[in-house]
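In case you want the letters, here they are:
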Amino acid sequence: MNEKVNKTVKYSFFLVFLFIFCTNKKDHECKDQGLKIEYLSDMDKLIQNGYICDNHFDDFGIDELKKCQVVFSDSNYKILYNGFRSRVLFDKKENLKLAINSLLPNFQSVKNRPFSLYILNDKLMPVYGITKFGVDRPSVFKIDYKNNKIILSEVVDKEGKDIDVNKLTYQEILLLITKIKNKFSYKLSEGTLDDYFYKMPYWTEGRE
């Protein structure tokens, strides 16, 4: 009887080990598709390529995130699409998560209405945004979440205002993100966000 139990236990351990091995192997098999993002619009090239080596992402139990699906994934990038007007770009090399909102579901640019771009934390919540948030021109905003309230702060630096992320190269965007996080100064904004977005990522709404 004990021998039979021991065999069962060993077999169970073997299955667990096999599952872990196969999962890790799958991760390691993510290949570089040789596609690089020069502009944000180049995400279309990745999506059209259709390669997906890893379709996993954390939805944190949020219904709107459960609607998202992976539409591309290689060793450099992963792209989520929410089926509306929002995409999330995971830059694996830069350890960066960005949400991009368009006014149109097909992600075509609109004259004088650039994409809104959000820098996300590990829970896919926006912590910085390059968007309008009620002001006349796109501006950089810092987004803090405290005591069930959302606090918006607008950039003071001139370089952080009137930005068209459609026209910036991806490398220029990366440089701008460094300044947004480490160099720019902010003041409390008169703009507000509904408390609903304290736990719901704002970018899921697909609006400015």
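Read on for a plain summary of the structure.

What counts and what doesn't
- Every residue gets a number counted from 1 within its own chain, in the order that chain's sequence is written.
- Totals for whole chains, interfaces and linings use all residues, but because this is a predicted model, local features are given only for residues with pLDDT of at least 70 and pairs of side-chain atoms are given and counted only at 80 or more.
- Note that water and hydrogens are dropped before the side-chain values are worked out from all heavy atoms of the structure.
- Elements are defined by DSSP. Helices are runs of H or I of four residues or more, strands are runs of E of two residues or more, and each kind is numbered from the N terminus.
- For every residue, the accessible area obtained with a 1.4 Å probe (protein chains only) is divided by the maximum for its type, and the residue is called buried under 20%, exposed over 50%, and partly exposed between those limits.
- Only heavy atoms enter the contact rule, under which two residues are in contact if any of them lie within 4.5 Å.
- Exposure was quantified through the Shrake-Rupley algorithm and a 1.4 Å probe, taking into account, for residues, occlusion by the shown protein chains and nothing else.
- Cysteine sulfur atoms are paired as a disulfide whenever they fall within 2.5 Å.
- Strand pairing requires that DSSP identify at least two bridges connecting the strands.
- Comment: axis = line fitted to C-alpha atoms, over the contacting stretch for helices; angle = value between 0 and 180 degrees taken between N-to-C directions.
- We count a salt bridge whenever a side-chain nitrogen from Lys or Arg sits within 4 Å of a carboxyl oxygen from Asp or Glu.
- Each helix should span, by expectation, one fewer than its residue count multiplied by 1.5 Å.

Right, let's talk about the overall build of the protein for a bit. A tally of regular secondary structure across the protein gives four helices and nine strands. For the protein, the sequential pattern of α-helices and β-strands runs α-α-α-β-β-β-β-β-β-β-β-α-β. When the 208 residues of the protein are sorted by exposure, 41% land in the buried category. Looking at the protein alone, contacts between residues at least 24 apart form 47% of all its contacts between residues at least 6 apart. Carbon together with sulfur atoms contributes 50% to the accessible area of the protein, which is approximately 12,500 Å² in total.

If you walk through the whole model with that rule in mind, you get one disulfide. Two residues, cysteine 30 and cysteine 53, share a disulfide whose sulfurs are 1.9 Å apart. With the S-S dihedral at roughly 95°, the linkage between cysteine 30 and cysteine 53 falls on the right-handed side. Pair noted here: cysteine 30 is in the loop between α1 (2-28) and α2 (43-49) and cysteine 53 is in the loop between α2 and α3 (63-66), with a separation of 23 residues, a long-range link.

So, on to the sheet that holds strand β2 (residues 77-81). On the basis of which strands lie adjacent, the open sheet formed by nine strands has the order β1-β2-β3-β4-β5-β6-β7-β8-β9 and antiparallel pairing. For this open sheet the edge positions go to β1 (69-73) and β9 (186-188), each flanked by a neighbour on one side alone. Averaged over neighbouring strand pairs, the angle between their axes works out to 25° when direction is ignored. Bridge count between strand β7 (residues 139-146) and strand β8 (residues 149-155): six bridges; the pairing is antiparallel. Residue pairing across strands places lysine 146 opposite lysine 149, the latter belonging to β8. Sitting on the sheet, helix α4 (residues 170-182) is in contact with β3 (86-91), β4 (96-101), β5 (116-120), β6 (126-131), β7 and β9, with an inclination near 110° to β4.

So, about the pattern of salt bridges. Applying the stated criterion across every chain, the model contains 10 salt bridges. Between aspartate 42 and lysine 45 there is a salt bridge whose closest N-O contact spans 3.6 Å. On the accessibility criterion, aspartate 42 (9% relative accessible area) is buried. Note that lysine 97 is salt-bridged to aspartate 122, the shortest N-O span being 3.1 Å.

Along the chain, the position of serine 153 falls in strand β8. The exposure class assigned to serine 153 is buried, which follows from its relative accessible area of 10%. Contact partners of serine 153, with chain neighbours within four places excluded, come to Val140, Phe141, Lys142, Tyr186, Lys187, Leu188 and Ser189.

Here we come to α4. The terminal C-alpha atoms of α4 lie 18 Å apart, and with 13 residues this matches the ideal 18 Å at 1.5 Å per residue to within 8%. Of the positions making up α4, those classed as buried are Tyr170, Ile173, Leu174, Leu176, Ile177, Lys179 and Ile180. On its buried face, α4 sits against β3, β4, β5, β6, β7 and β9.

Note: β6 against β7, four bridges, orientation antiparallel. Residue pairing for β7: glycine 129 is matched across the bridge by phenylalanine 141. Taking the residues that link successive antiparallel strands as the turn, the β7-β8 hairpin has two residues, and the phi of asparagine 147 there is positive, at about 50°.

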